[in-house]
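# Structural overview
The lines below spell out each chain.
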Amino acid sequence: MEENLNKHSNISAADLDRLTKEANEEATPSSAKIIWNEFKADKPAMAALIIIIAFIIFVMIASLFIDTPKMMETNILNYNAAPGSNGFLLGADTGGRSVGQQLIVGARNSIGIAIGLTIISSTFGICWGLISGYFNGYIDWGMQRVYDFMMMLPMTMMIIVLVTIIKNYNAVTLTLIFSIFYWEGTSRLIRSRTLSESEKDYVAASKTSGTGSFKIIFHEIMPNISSLIIVDTTLSFAENIGVETGLSYLGFGLPLQTPSLGTLIANANDPNNITQYWWTWLPAALLIIVLCLSISYVGQVVRRAADASQRHGAAD
Amino acid sequence: MWKTILRRVLIMIPEIIILSILVFLLAKAMPGDPFTGSINPKADPAQLHHLMKINGLYDPWYQQYWNWVVHLFHGNLGNSYQYQEPVTRLISSRAVNTLWLALFTTILTYCFALPMGLYAAKHEGKLPDSIIRVYTYVTYCIPFFVILVIGVWIFGYVLGWFPTTGSISSTANPGIQSIGSRFYHILLPGVLGALFGTVNVVQYLRSEVIDAKRSDYVRTARSKGVPEKDIYKHHIFRNSLLPIAAFAGYSITGLLNGSLFTETVFSYPGMGLLFINSISYRDYTVITALVLIYGILNLLGTLLSDIILSIVDPRIRIE
């Protein structure tokens with residue numbers, strides 16, 4: 001093909017290079033590049049992004065140096081030690097366990113579960129939405145009924161019931177249980193977008209030229225809605241932090257010996273803790289607020305980048 | 001119109017049946033049986049066996065399910081093993097509390113959200129609009145239970161303005177004082193829920209009003225010389241209100257799901273707290289009844305919203 005082209009076209013190699021270069025310059029930049037430009041133009045967003053990444057790396061590395069079983073040992077001497085005393089930077093809880101260390105390990109666990117949950121539930125939701133939106137008719141109808149049914153379930157209650165049924169559950173099973181219930185939002189969004197996308201000409205052209213359905217879905221439609229996928233994934237990551245911590249707060253998330261930001265906040269259920277020993281739960285609460293806000297802020301910037309009319313950063 | 005509603009209702013029936021089977025099986029799969037707690041060295045195994053048999057716990061699951069459904073239609077959901085009283089009575093006393101709280105929160109949400117949405121739309125693109133956008137966005141992002149814990153800490157414990165547990169003060173006399181006490185107990189959770197639940201209504205009302213502002217009938221009214229205040233009051237707001245009302249259904253379902261957290265934080269004796277307690281006591285009858293009720297309420301809330309929306313927006317109707 002290329003040989004053929006060289007033989008018959010009278011464009012020189014230099015011209016071809018120049019033309020390719022010009023075409024590349026005029027082409028819309030990739031979504032990754034657009035998002036990057038947007039971050040460069042918005043300094044607070046850049047700060048939020050750096051804080052999140054630095055924090056995640058910090059807790060991942062710092063928790064490697066913490067011996068969790070030893071940390072969770074009860075030490076009556078340090079009962080509710082105040083911040084700064086007995087060598088505890090952030091004090092100790094009712095069991096004399098360091099709040100600071102629990103915060104680091106807890107943040108690692110909570111973020112890890114949120115990441116896992118986001119990956120699993122978003123992948124599933126995206127596939128569900130794409131397939132349901134592309135195949136109209138009976139497949140879509142059936143899939144929509146399943147969706148309706150899932151939406152009807154009282155999610156938190158179902159998760160609690162499942163958690164009590166499964167013996168010896170751990171972070172992985174917990175993430176899987178959460179994933180069963182948290183793909184609906186994504187799937188609905190992707191489906192509505194796929195519906196409008198599959199009416200476009202390029203899909204019709206691919207269909208007539210005999211391209212397989214799944215190739216059209218995953219190689220043609222999916223790249224075209226990639227910006228929506230990125231936005232949705234970032235925003236659901238922020239929400240998912242709330243999911244695990246909320247369940248752990250109620251006492252049906254991570255097991256007691258595995259600290260999570262939610263179990264730390266659950267210290268506040270004890271009237272003594274909430275009134276006198278604020279350091280046992282307040283840092284975790286504030287940390288969740290900061291994390292959720294900065295991740296959603298980053299998500300907001302990504303959303304802005306995906307919408308050409310709202311961009312701050314010039315995409316040139 | 002009626003076709004749409006009928007079709008929605010017909011689809012609901014198999015959904016409820018599947019939900020009831022699912023819930024029943026899940027409750028059966030939970031470890032332990034309701035009598036585990038009463039086992040002690042003095043308990044006679046034969047007697048326990050007898051209790052299990054009387055309560056039909058040895059029957060095959062479909063038999064137990066069928067009995068349950070038959071009883072259900074007779075308005076009998078069985079007895080709570082933990083409280084030793086009929087589930088229907090137990091739940092109905094709690095449901096009143098939960099529904100009051102949900103209703104109060106919904107009304108407050110609208111009280112906060114309607115002016116905000118209208119104001120934001122009126123000053124579209126200006127400073128108030130941005131402030132309201134940031135506000136709704138921040139309140140939306142923060143997990144609600146964290147707000148509840150911090151709220152009960154600041155206003156309940158540190159400042160001592162509001163009660164932190166229960167639904168009514170034990171010293172309240174019947175009559176006006178007890179109503180006042182009840183209201184006082186739902187005030188803080190209601191206000192917090194409303195302040196942090198405005199995002200949907202504000203965003204939707206804002207975009208509705210902005211659309212209406214540019215529509216022909218508003219331009220006509222304006223060119224006729226109708227005062228700006230009246231345009232908003234009679235032309236724009238009235239047209240945007242009905243779709244907003246549709247959100248009430250969704251917002252009640254959201255509040256029900258949130259009631260688990262609200263009621264735990266405030267030790268408020270509603271259905272959510274009852275569920276949490278029943279889980280730790282393996283009180284199957286209560287658990288199944290509650291999950292089923294929440295599921296059906298979810299369905300009804302969505303149905304209500306969909307019906308209102310289909311009245312407002314003819315595009316949604318099925319021909």
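Quick caveat, the model's predicted, so the values are computed rather than measured.

### Focus: empty space enclosed by the protein
For the structure shown, the criterion picks out 2 cavities of 30 Å³ or more. Here the largest cavity is characterised by a volume of approximately 40 Å³. Contributing to the lining of the largest cavity are A:Met158, A:Val161, B:Val23, B:Leu26, B:Ala27, B:Ile287, B:Thr288 and B:Val291. Secondary structure elements with two or more residues in the lining of the largest cavity: helix 8 (155-165) of chain A together with helix 1 (2-29) and helix 12 (284-312) of chain B. Among the residues forming the lining of the largest cavity, the class breakdown is 7 nonpolar, 1 polar and no charged. Estimates place the volume of the second largest cavity at around 30 Å³. Forming the walls of the second largest cavity are B:Pro163, B:Thr164, B:Thr165, B:Gly166, B:His185, B:Pro189, B:Phe266 and B:Tyr268. Residue composition of the lining of the second largest cavity, by class: 4 nonpolar, 4 polar and no charged.

### Some words on the UniProt feature "transmembrane region" (unreviewed entry) in chain A
The sites that UniProt annotates as "transmembrane region" (unreviewed entry) are residues 45-66, 111-135, 155-183 and 278-302 of chain A. For residues 45-66 of chain A, helix accounts for 91% and strand for 0%, while the C-alpha atoms at its two ends are 31 Å apart.

### A closer look at the UniProt feature "transmembrane region" (unreviewed entry) in chain B
Residues and elements named next belong to chain B. Those residues carrying the UniProt feature "transmembrane region" (unreviewed entry) are residues 9-27, 99-121, 142-163, 183-205, 241-266 and 286-312 in this numbering. Secondary structure content for residues 142-163 is 68% helix and 0% strand, and the end C-alpha separation is 24 Å. For residues 286-312, the helix share is 100%, the strand share is 0%, and the end-to-end C-alpha distance is 39 Å.

### Looking at the state of the cysteines
What the rule picks out here adds up to 0 disulfides over all chains. Lacking any disulfide linkage, A:Cys292 is separated from the closest cysteine sulfur, that of B:Cys141, by 7.5 Å.

### Digging into the UniProt feature "domain: ABC transmembrane type-1" (unreviewed entry) in chain A
Residues given the UniProt feature "domain: ABC transmembrane type-1" (unreviewed entry) here are residues 107-299 of chain A. When the span residues 107-299 of chain A is considered, its composition is 79% helix and 0% strand, and the gap between its end C-alpha atoms is 20 Å.

### Focus on the interface of chain B and chain A
Buried accessible area, meaning the area lost when the parts come together, often serves as the stated size of an interface. Taken together, the contacts link 40 residues of chain B with 41 residues of chain A. For the pairing of chain B and chain A, the buried interface totals around 3500 Å² over both sides, and the portion due to carbon and sulfur atoms is 83%. When residues of chain B are sorted by the area they lose upon contact with chain A, B:Tyr137, B:Phe145 and B:Trp153 head the list and together hold 16% of the total. One can count 0 salt bridges joining chain B with chain A.

### What to know about the packing of aromatic side chains
The description of an aromatic ring pair rests on the distance of the ring centres and on the angle between the ring planes. In the structure shown here, the tally under the stated rule is 12 aromatic pairs over all chains. With a centroid separation of 5.1 Å and 35° between ring planes, the pair formed by A:Tyr249 and B:Phe145 is classed as tilted. Remark: B:Phe145 occurs in helix 6 (residues 144-158) and A:Tyr249 occurs in helix 13 (residues 226-250); the pair is interchain, linking two chains. Summarising the burial analysis for this pair, A:Tyr249 and B:Phe145 share the class buried. With a centroid separation of 5.3 Å and 85° between ring planes, the pair formed by A:Trp281 and B:Trp153 is classed as edge-to-face. In this pair, A:Trp281 is assigned in the loop between helix 15 (271-275) and helix 16 (282-306) and B:Trp153 in helix 6, connecting two distinct chains. For A:Trp281, a relative accessible area of 0% gives the class buried. Chaining the aromatic ring pairs together yields one cluster made of A:Tyr134, A:Phe135, A:Phe214 and A:Phe218.

### Description of the side chain of A:Thr175
All names here are of chain A. You can see Thr175 is positioned in helix 9 (residues 171-181). Looking at Thr175, the relative accessible area reads 8%, which means it is buried. With sequence-adjacent residues up to four places away left out, Thr175 is seen in contact with Ile113, Gly116, Leu117 and Ile120.

### Quick look at unusual backbone geometry
Most peptide bonds take the trans configuration, and most residues that are not glycine carry a negative phi. Backbone geometry at B:Ser267 places phi at a positive 40°, although glycine is not the residue there. Inspection of the secondary structure puts B:Ser267 in the loop between helix 10 (228-265) and helix 11 (271-281).

### Digging into the packing of helix 6 of chain B against helix 10 of chain B
Residue and element names in this part refer to chain B. Between helix 6 and helix 10, the least distance of the axes is 10 Å, while the angle of their chain directions is 20°. By the angle class used here, helix 6 and helix 10 are roughly parallel. In the crossing of helix 6 with helix 10, the sense of the turn from one axis to the other is right-handed. Contacts from Phe144, Phe145, Leu148, Val149 and Val152 in helix 6 reach Phe261, Thr262 and Val265 in helix 10.

Quick notes on the rules
Residues numbered from 1 in each chain as written. Chains lettered and ligands numbered in written order. Predicted model: local features only at pLDDT ≥ 70, side-chain atom pairs only at ≥ 80, totals over all residues. Heavy atoms only, no water. 1 Å grid on protein atoms, 1.4 Å probe; cavity = no way out; pocket = protein on both sides within 12 Å on 5 of 7 lines; lining within 4 Å. Points joined across faces, edges and corners; volume = space filled by probe spheres on them. Helix = DSSP H or I, 4+ residues; strand = E, 2+ residues; numbered from the N terminus. Nonpolar A, V, L, I, M, F, W, Y, C, P; charged D, E, K, R; others polar. UniProt positions renumbered as here; feature names shortened; annotations may be inferred. Disulfide = S-S within 2.5 Å. Contact = heavy atoms within 4.5 Å. Buried area = accessible area lost by both parts, 1.4 Å probe. Salt bridge = Lys/Arg side-chain N within 4 Å of Asp/Glu carboxyl O. Phe/Tyr/Trp six-rings, centres within 6.5 Å; stacked < 30°, edge-to-face > 60°. Buried < 20%, exposed > 50% of the residue type's maximum accessible area, 1.4 Å probe, protein only. Axes fitted to C-alpha atoms, helices over the stretch in contact; angles between N-to-C directions. Parallel < 35°, antiparallel > 145°, perpendicular 65-115°, else oblique. Left-handed = near helix turned anticlockwise from the far one by under 90°.

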